[in-house]
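A closer look at the structure
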Amino acid sequence: MSWKTVNCGVCGLGLLLASCYDAPRTNPFDPALTPPVELQVALDDTAGTATLTWTRYEGKQPFREYQVLRKVPGLEKVDTLAHLPAVEQTTFVDTTLAPDTDYLYRVSVVNSGGFEVPSPEAEARPFNLPMVQLLEPEFDSRTASAALKWTAYKGPRFKTYRVERRTTESAVQVVKEAADLADTAYVDSLLSGNTEYFYRVVVKTERGEEAPSEEKTGIFHQLLATWPLGEEAQPAGRLYVEGDRIVALVSRKNRPWVLSFDPAGRRLEEQKLSIVSPWNSPVAATSLNAAGQRFLGLSIWGTSGILSFEADGQPIVRERPLFTDNFPNRSEAEKQVLGEISLLGGQFDKVAVSTGGRLRFAEDFDGFPQGVGLFSSVQNWEFHGGNPLVSDGILFSGVSATRTFAEETWQDFRLEADMAVPPEGGVAGSIQIGGDTLSRFVLTLDTKNQQVQLNYGFAPPAELGLKAQGDSAAVSLPIMGRVFYGLSLEAVDNRINASLRDPVLWTEGKKQIPVANFAISPAEARELAPVWSSLATVGDILVFTREEQVYSITQEGEKISQEPFETPIGEIRVWEDPRDQAQWIGVCLPEIDQVQMGRVPKNNPSKWPSKGRSRSARTVDMEILAFLLAAEQPAKEKLPLLLLWL
C-alpha cells in the first residue's frame with residue numbers, strides 16, 4: 001500500500017556533506033531530528049467513533065503540526081482528517097465512520113521545514129449499527145390489530161424509527177415513523193383476517209444509514225381449510241369439536257341437521273333432527289355426552305327447551321298416558337265413531353290409522369304434491385277452510401284436512417300422528433276421530449295455555465231421538481312449539497284413550513304469547529324474539545343458558561337455576577383438563593367483549609358457576625357462530641382452534 005510520501009534525495013546529499021566536517025545536525029530533513037509518534041486506535045461501537053491517541057512529539061526540529069490520515073485497505077485514496085497545530089494535542093476522535101468498513105490510520109508529524117514523518121499504521125476493525133429487537137407481534141382479532149414492541153436503539157446518530165409492514169400480496173408500507181428514541185411501541189389497526197402480516201423496524205441515522213430489525217410475522221382468523229356444508233345449508237349454524245370430529249349444526253330447509261367431518265374436511269355422517277319442524281330463524285345449540293347421546297337446545301319466540309337423541313339420531317321420547325275413558329257415562333250409540341279422521345291447524349308428519357291392531361293406512365306426505373289448493377281433494381284428502389301446503393314431507397294444514405274411510409263406524413280404532421304447533425300466537429293444533437255425525441273426539445295441543453285437551457262432541461241424526469251434547473277434559477303440560485309430539489287417540493270397546501309421546505326433556509316459557517295470529521306490539525315482538533342461548537354437557541348434567549341466565553338440567557329434566565351472569569351469554573363450551581380429568585367451562589359475553597372461565601368440581605358439576613369465576617387475562621372475540629376452543633392434545637402442544645361459519 002502507499003501513503004503520502006516526501007522525496008528526500010536533496011536532504012541526503014546535505015547530510016553527507018555535513019558529516020564530512022562533523023558539524024552539528026541541524027538539517028530539517030534529518031529523520032533523526034524529527035522522530036515519529038506511536039499511535040493507538042480504540043473503536044466505540046455504541047457511538048460509532050474511533051478515538052486515536054499518540055505519543056507527544058519530542059523531536060529536535062521545531063514542530064509545525066500533526067496530520068491525521070485515514071485510508072480504506074485496497075484503495076489508493078488517503079483522507080486527511082485533521083491538521084492539529086498544538087503539540088500537546090495527542091488525541092482525535094473520528095466521527096465519520098461508515099459501518100461495516102475497515103480503516104487504517106496514521107498520524108504524521110510535520111516539522112517547521114515541512115518534513116513529514118508518519119507513525120506506524122494502526123488498524124480499526126469494522127463496526128455494525130446495532131439493530132433493535134422486534135418482539136413477537138400480539139394480534140387481537142376483536143380489534144383487528146397487531147401490537148408491536150421493540151428494544152430501544154443503542155447505536156450512534158439516531159434519527160427515526162420506521163415501522164414497515166408487508167403481506168405476501170402487497171409491497172412494503174411504512175405504517176409509522178417516530179423521532180423519539182424512547183417511542184418503542186405501536187398498534188397497527190384496520191387489519192384483515194386470514195392475512196399473514198410481516199413487520200420490521202428500521203433505524204434511520206442522521207447520515208441516512210439504516211439498520212433493519214429481523215422480520216416478525218403473525219395472523220389472526222387464519223383459514224386452515226374449507227369444505228362445503230351443502231348447497232341447501234342456510235347461513236346460520238354452529239361449529240363444535242367432538243373428540244376427533246368437527247361437527248356443524250346447520251339448517252337445511254329450515255330444519256336442523258348435524259353434519260360431522262374429519263379434520264381434513266371429509267364428510268363422515270349427517271343426521272336430520274326430524275322432530276323439529278321448519279321455521280325461518282332457528283336459534284339452536286347442541287352437545288354430546290359421554291354415552292354418545294345428543295342434546296339439542298332451542299330458543300323459539302318466548303320458549304326454550306332441550307331435546308334428546310340417541311347416538312343414531314333417533315329421538316328419546318317419554319310415553320305420557322293422558323286420558324283413559326274420561327267420558328264413561330255415555331251410551332254405546334253416543335260413542336260411535338264414523339270412519340273419518342281430521343288434522344286441524346298444525347304441522348303434520350307420519351299419520352297412521354289402525355283397526356284391531358292392524359295397520360290400515362299410513363301417510364308421511366313425502367310423495368305429496370308440494371302445494372294443494374283451497375277446498376281441494378288430493379290423494380283422498382279433503383281440505384276445507386284453510387290454505388294447506390306440503391313442503392319437505394310436512395303438511396302445513398290451515399283449518400281442516402280430512403280423510404274418510406269406507407267403514408261406517410269403528411269400534412276398535414287408533415289414530416296416531418306426529419304434530420308440531422307453531423308458537424306464534426299460541427295456535428292450537430289437533431287430531432280428530434269421527435266427523436260431523438255421531439261422536440267425534442279431538443285431541444289438542446295448546447301452546448298458549450300450556451295444556452293438552454280432549455274434547456268430545458255428539459251430533460246424532462234426528463231419527464235416533466238422542467240429544468246433542470259435548471264435554472272436555474284438560475291436562476296441564478309444557479308444550480313447546482315447533483317440536484313434533486306423537487299424538488295417539490283410540491276408541492276401543494267404547495273406551496276413549498289418549499296419550500302423548502313427548503320428545504322434550506325440558507322446556508320453559510319466557511312469557512305466554514298474549515294474542516293469537518301475530519297481533520302483538522313491536523315491544524312484545526322484541527320480548528318474544530329469539531334470544532342468545534347455548535348448551536353444553538358437564539358430567540351428567542346439561543348446562544343451558546338463556547340470555548344471562550344459567551340453568552343446570554338433570555337427565556330427568558329437573559331444572560336448577562344458577563347464578564346469572566352480568567350480560568347475555570353468547571356461547572358456552574366445555575373441555576377436560578388432562579391433568580386430573582376435571583372440566584373447564586368457557587363462557588362468552590359478547591356485549592362486554594369478555595370470556596370468563598370456571599373450573600367445574602369433578603364430583604359436583606352442579607356447583608358451577610360459582611362466585612369465584614376466573615376471568616381470562618385478555619379478551620377474545622366471540623359470536624354465536626364462532627368460538628375459541630382449547631384443543632386438548634396430551635402428546636402435543638395445546639393449540640387454539642378457531643372454527644368459523646362462513
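Residues numbered from 1 in each chain as written. Predicted model: local features only at pLDDT ≥ 70, side-chain atom pairs only at ≥ 80, totals over all residues. Heavy atoms only, no water.

**Some points on the overall build of the protein**
Cut-off, in case you're wondering: Helix and strand definitions here come from DSSP, where helices need a minimum of 4 consecutive H or I residues and strands a minimum of 2 consecutive E residues; each element is numbered from the N-terminal end. Partly exposed residues are those whose accessible area sits between 20% and 50% of the maximum for their type, while under 20% is buried and over 50% is exposed, using a 1.4 Å probe and protein chains only. By the convention used here, residues are in contact when the closest approach between their heavy atoms is within 4.5 Å. The protein chains shown are the only cover counted for residues, whose accessible areas, like all others here, come from Shrake-Rupley with a 1.4 Å probe.
When helices and strands are tallied, the protein shows two helices and 50 strands. Per-residue burial over the protein gives 47% buried out of 646 residues. In the protein, the share of contacts with a sequence separation of at least 24, taken over all contacts with a separation of at least 6, comes to 56%. Summed over all atoms, the accessible surface of the protein reaches about 31200 Å², with 50% contributed by carbon and sulfur.

**Quick word on the packing of aromatic side chains**
Basically, it comes down to this: Within 6.5 Å between ring centres, the rings of Phe, Tyr and Trp (the latter by its six-membered ring) count as paired, and their orientation is classed by plane angle as stacked under 30 degrees, edge-to-face over 60, tilted in between.
Across all of its chains, the model carries 15 aromatic pairs by this definition. Both rings, one in tyrosine 57 and one in phenylalanine 63, keep their centres 5.6 Å apart while their planes meet at 35°; by these two values the pair is tilted. With a centroid separation of 6.1 Å and 55° between ring planes, the pair formed by phenylalanine 361 and tryptophan 381 is classed as tilted. Placement of the pair is phenylalanine 361 in strand E27 (residues 358–363) and tryptophan 381 in strand E29 (residues 381–384), with a sequence separation of 20 residues. In this structure phenylalanine 361 comes out as buried when scored by relative accessible area, which is 9%.

**Details of the sheet that holds strand E13 (residues 185–188)**
Quick reminder of the rule: Pairing between two strands requires that DSSP report at least two bridges joining them. Angles here are taken between N-to-C directions and fall from 0 to 180 degrees, while the axes themselves are lines fitted to C-alpha atoms, restricted in helices to the stretch in contact.
On the basis of which strands lie adjacent, the open sheet formed by three strands has the order E9-E10-E13 and antiparallel pairing. Of all the strands in the sheet, the pair left with one neighbour each is strand E9 (138–140) and E13. Between one strand axis and the next, the sheet turns by 15° as a mean value, whatever way the strands run. Bridge count between E9 and strand E10 (residues 145–149): three bridges; the pairing is antiparallel. Looking at E10, one finds that phenylalanine 139 is bridged to alanine 146.

**Some details on the pairing of strand E18 (residues 245–252)**
Judged by how many residues are buried, E18 sits mostly within the fold: seven of eight residues are covered. Strand direction decides the pairing type here: E18 and strand E19 (residues 255–261), joined by seven bridges, are antiparallel. In the sheet register, valine 250 faces E19, and the bridge partner there is tryptophan 257. Turn length for the E18-E19 hairpin, with the two strands adjacent in sequence and antiparallel, is two residues, and the turn residue lysine 253 shows positive phi of about 50°.

**Examining the side chain of aspartate 418**
Using the following cut-off: Counting of polar contacts relies on pairs of N or O atoms within 3.5 Å, with two restrictions inside protein: one atom must be capable of donating a hydrogen and the other of accepting it, and residues adjacent in sequence are counted only when both atoms are side-chain atoms.
Within the element layout of this structure, aspartate 418 appears in strand E33 (residues 412–420). A distance of 3.0 Å separates a polar atom in the side chain of aspartate 418 from a polar atom in the side chain of arginine 501.

**Re the sheet that holds strand E2 (residues 49–54)**
Each strand in a sheet pairs with its neighbour through backbone hydrogen bonds, running either in the same direction (parallel) or in the opposite one (antiparallel). The strand order E1-E2-E5 describes an open sheet built from three strands, whose pairing is antiparallel. One side of each edge strand has no neighbouring strand; the edge strands of this open sheet are strand E1 (39–44) and strand E5 (91–94). Averaged over all pairs of adjacent strands, the angle between their axes in this sheet comes to 20°, without regard to strand direction. Direction of pairing for E2 relative to E5: antiparallel, over a ladder of four bridges. In the sheet register, leucine 52 faces E5, and the bridge partner there is phenylalanine 92.

**Focus on the pattern of salt bridges**
So the rule is basically this: Each salt bridge in this description consists of a side-chain nitrogen of Lys or Arg and a carboxyl oxygen of Asp or Glu lying within 4 Å of one another.
In total, this model carries 26 salt bridges according to the counting rule given. Between arginine 495 and aspartate 325 there is a salt bridge, with its nearest N and O atoms 3.7 Å apart. Residue arginine 495 is located in strand E39 (residues 495–502), and its partner aspartate 325 is located in the loop between strand E24 (318–324) and strand E25 (337–344); the two are separated by 170 residues in the primary sequence. On the basis of relative accessible area, aspartate 325 is assigned to the buried category, the value being 14%. Measuring nitrogen to oxygen at the nearest pair gives 3.5 Å for the salt bridge that ties glutamate 416 to arginine 414. A residue is classified by how much of its surface remains accessible, and arginine 414, at 25% relative accessible area, is partly exposed. Each member of the salt-bridge network shares a partner with another, and the members are Arg414, Glu416, Asp418, Glu490 and Arg501.

**Quick look at the environment of phenylalanine 261**
Mapped onto the secondary structure, phenylalanine 261 falls in strand E19. Once residues within four sequence positions are removed from consideration, phenylalanine 261 is found in contact with Trp227, Pro228, Leu229, Arg245, Ile246, Ala248, Arg266, Arg267 and Leu268.

**Observations regarding the pairing of strand E41 (residues 533–538)**
Judged by how many residues are buried, E41 sits mostly within the fold: six of six residues are covered. Of the two faces of E41, the one lined by Ser533, Leu535 and Thr537 and the one lined by Ser534, Ala536 and Val538 are each fully buried. Pairing between E41 and strand E42 (residues 541–546): six bridges, direction antiparallel. If you follow alanine 536 over to E42, its bridge partner there is valine 543. The turn joining E41 and E42, which pair antiparallel and follow one another in sequence, is formed by two residues; a positive phi near 60° is taken by glycine 539.

**Quick notes on the side chain of arginine 573**
The topology assignment puts arginine 573 in strand E45 (residues 571–576). Among the polar contacts listed, one links the side chain of arginine 573 to the backbone oxygen of leucine 239, at a separation of 3.0 Å.

**Side note on the environment of alanine 171**
When you line up the elements, alanine 171 lands in the loop between strand E11 (158–167) and strand E12 (173–178). Using a relative accessible area of 58% as the deciding quantity, one classes alanine 171 as exposed. If we skip the residues at most four places from it in the chain, alanine 171 touches Arg165 and Arg166.

**Focus: unusual backbone geometry**
Backbone geometry places histidine 221, a non-glycine residue, at a positive phi of 50°. When you line up the elements, histidine 221 lands in the loop between strand E16 (216–218) and strand E17 (233–242). Unusually for a residue other than glycine, leucine 438 sits at a positive phi of about 65°. Looking at the secondary structure, you find leucine 438 in strand E35 (residues 438–446). Leucine 438 gets classed as buried once you look at its relative accessible area, which sits at 8%.

Purely spatial values, then, with no claim about function.
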